[in-house]
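The residues making up each chain are set out below.
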Amino acid sequence: MNAAGLAGAAALGFPRPALAQGEPLRIGWLAAMTGPSSAPTVGFNRGVVFAVEALNGAGGVKGRKIELVTRDSQGDPTKAVNAVQEMISQAKVHAIWGPTNSGEALATTPIMARAKMPNIHPCVIDSLIDPAKYPNAFRIAPSNTQWDDAVRNYCLKVLKVKRVAVIGDTTGYGVTAAKASAAAFKQDGAEVAYLGNIDSTQPDMTPDLLRARNAGAEVIVVWSVSTGMDARLFNTRARMGWDVAFVGHPSMASGEIGGLLEKPANWEKVYAVGYRSCSYDEAGKLNDRSEEFVARLKGKVALSDTLLWWVAAGYDAVTLIAKAVEETGSSAPDAIVKHWNGLTKYPGIFGDYTYTPTQHNGYPTDEVVMSAANSGRDGSFRLAPGYS
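Residues numbered from 1 in each chain as written. Predicted model: local features only at pLDDT ≥ 70, side-chain atom pairs only at ≥ 80, totals over all residues. Heavy atoms only, no water.

(A) Quick peek at the domain arrangement of the chain. In terms of domains, the chain is made up of domain 1 (25–142 + 292–364) and domain 2 (145–282 + 369–383). A straight line from the C-alpha centre of domain 1 to that of domain 2 covers 27 Å. Counting from both sides, the interface comprises 23 residues of domain 1 and, opposite them, 23 residues of domain 2. Around 2,000 Å² of area is buried between domain 1 and domain 2 when both sides are counted, 65% of it from carbon and sulfur atoms. Three residues stand out in domain 1 for area buried against domain 2, namely P142, L307 and W309, and they jointly supply 22% of the buried area on that side. The interface formed by domain 1 and domain 2 includes zero salt bridges. Taken together, domain 1 and domain 2 are joined by four residue pairs in polar contact (both at pLDDT 80 or more). For the side of domain 1 that touches domain 2, the secondary-structure elements that each account for two or more residues are helix 2 (39–57), helix 4 (102–114) and helix 10 (308–328). Looking at the side of domain 1 that touches domain 2 element by element, the count peaks at three residues for helix 10. Among the residues forming the side of domain 1 that touches domain 2, the class breakdown is 16 nonpolar, five polar and two charged. (Domains from an automatic or database assignment. Contact = heavy atoms within 4.5 Å. Buried area = accessible area lost by both parts, 1.4 Å probe. Salt bridge = Lys/Arg side-chain N within 4 Å of Asp/Glu carboxyl O. Polar contact = N/O pair within 3.5 Å; in protein donor to acceptor, adjacent residues only side chain to side chain. Helix = DSSP H or I, 4+ residues; strand = E, 2+ residues; numbered from the N terminus. Nonpolar A, V, L, I, M, F, W, Y, C, P; charged D, E, K, R; others polar.)

Shown next as structure tokens:
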């Protein structure tokens, strides 16, 4: 047993069995590793692999090694459906982490519900969590309502704008999120000067930003996981000489955007959804739990081109499954689900999760904040201007 594995097990509170024995604990990982929506999944995957290697290095869970069953859905709902069906019927997984794209989750969540497959995911569309319809589905990240509230409150209460442009990509997530965001802005008394959806592969963003500027938009709210689309929007804003802020999806702060910008200054006045657990203070320090996690990742997991919360959430997803099996002594679906339904402020790296039989949104709302997108350091960020 190596030192890294021992440290991983100790940090999670798992005992260290001498030998793995019996059936492996099979975790399905439905991952859009390639395609235009791959940036979050790459980060999640680093946390997933780190957690699996740490746990297996310490002997596994109740003497059972974790077997990761990964399938690349490429962000395609049809491929995701096929992968889920194969995981359930052929690979015989005990729980599924993912998908990471809401468009895929809309197609796969009902399938997992019918199979009573324990499922934990970071997809934000609100309707994906419904304990009556999907009693086996749990959300590890905030819902889109929580993200949307943070974005809207920042625009209206901190930036104090009154006319907004809302842009989404053309995925199921982008269309749904942009529509919901625009409706919430209107309900709060703001004017939605422009609402549009852009294909994430569209090379020229000028026509869309011109329409937004001509409509009098004072801020651009973006809902897309495509970092390429984000970078093209930022570059176009600079070429237009338009001094307007971008506020929105966490992907706008992904490290890979830096290599897609025409100049670093194009990343100024971009504020992305962030989290207090992944935000550093004026002294450059994270909270103690996050600092310890980053220290463990050093030399093993790259953070410079991704987001800390993606890595941390992937890590937490594996440990939530493993802890359920550890605590109950069973990998049966009902045992895992029952364990999750009893969690109160479970201390993950990304956040403290609380679930009940009637509430499967586990992330605390007060931990959702806005970050200065270009302030990334090891995947964490400085709080956006206006926070205390």
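(B) Summary view of the pattern of salt bridges. All chains considered together, the criterion is met by 15 salt bridges. Put simply, D149 and R152 hold a salt bridge, and the shortest N to O gap is 2.8 Å. Residue D149 and its partner R152 are located together in helix 5 (residues 144–158), separated by three residues, close to a single helical turn. Here R152 falls in the buried class, since its relative accessible area comes to 8%. Residues joined in a network through salt bridges with shared partners are D148, D149, R152 and D188. (Buried < 20%, exposed > 50% of the residue type's maximum accessible area, 1.4 Å probe, protein only.)

(C) Highlighting the UniProt feature "domain: Leucine-binding protein" (unreviewed entry) in the chain. UniProt tags residues 24–361 as "domain: Leucine-binding protein" (unreviewed entry). End C-alpha atoms of residues 24–361 are separated by 29 Å, and the span's content is 42% helix alongside 17% strand. (UniProt positions renumbered as here; feature names shortened; annotations may be inferred.)

(D) Looking closely at unusual backbone geometry. Put simply, G98 and P99 share a cis peptide bond, and its omega is 5°. Not every positive phi belongs to a glycine, and K62 is a case in point at roughly 55°. In this structure K62 comes out as partly exposed when scored by relative accessible area, which is 48%. Residue Q74 is not a glycine yet carries a positive backbone phi of 60°. Here Q74 shows up in the loop between strand 2 (66–72) and helix 3 (77–91).

(E) Local environment of the sheet that holds strand 4 (residues 119–121). Strand order in this open sheet of five strands is 2-1-3-4-5, and the pairing throughout is parallel. The sheet terminates laterally at strand 2 and strand 5 (137–139), the two strands that pair on one side only. Between one strand axis and the next, the sheet turns by 20° as a mean value, whatever way the strands run. Note that strand 3 (residues 95–97) and strand 4 share two bridges and pair parallel. Opposite I96, over in strand 4, you have N119 as the bridge partner. Against the sheet, helix 3 makes contact with strand 1 (25–31), strand 2 and strand 3, and its axis sits at roughly 170° relative to strand 1, the strand it touches most. (Pairing = 2+ DSSP bridges. Axes fitted to C-alpha atoms, helices over the stretch in contact; angles between N-to-C directions.)

(F) Quick peek at the environment of K285. Within the secondary structure, K285 is located in the loop between strand 11 (279–280) and helix 9 (288–297). The class for K285 is partly exposed, based on a relative accessible area of 45%. Once the C-alpha coordinates of K285 and E268 are considered, the two residues, 17 residues apart in sequence, prove to be 22 Å apart. Those residues in contact with K285, other than ones at most four positions away along the chain, are S279, Y280 and E291.

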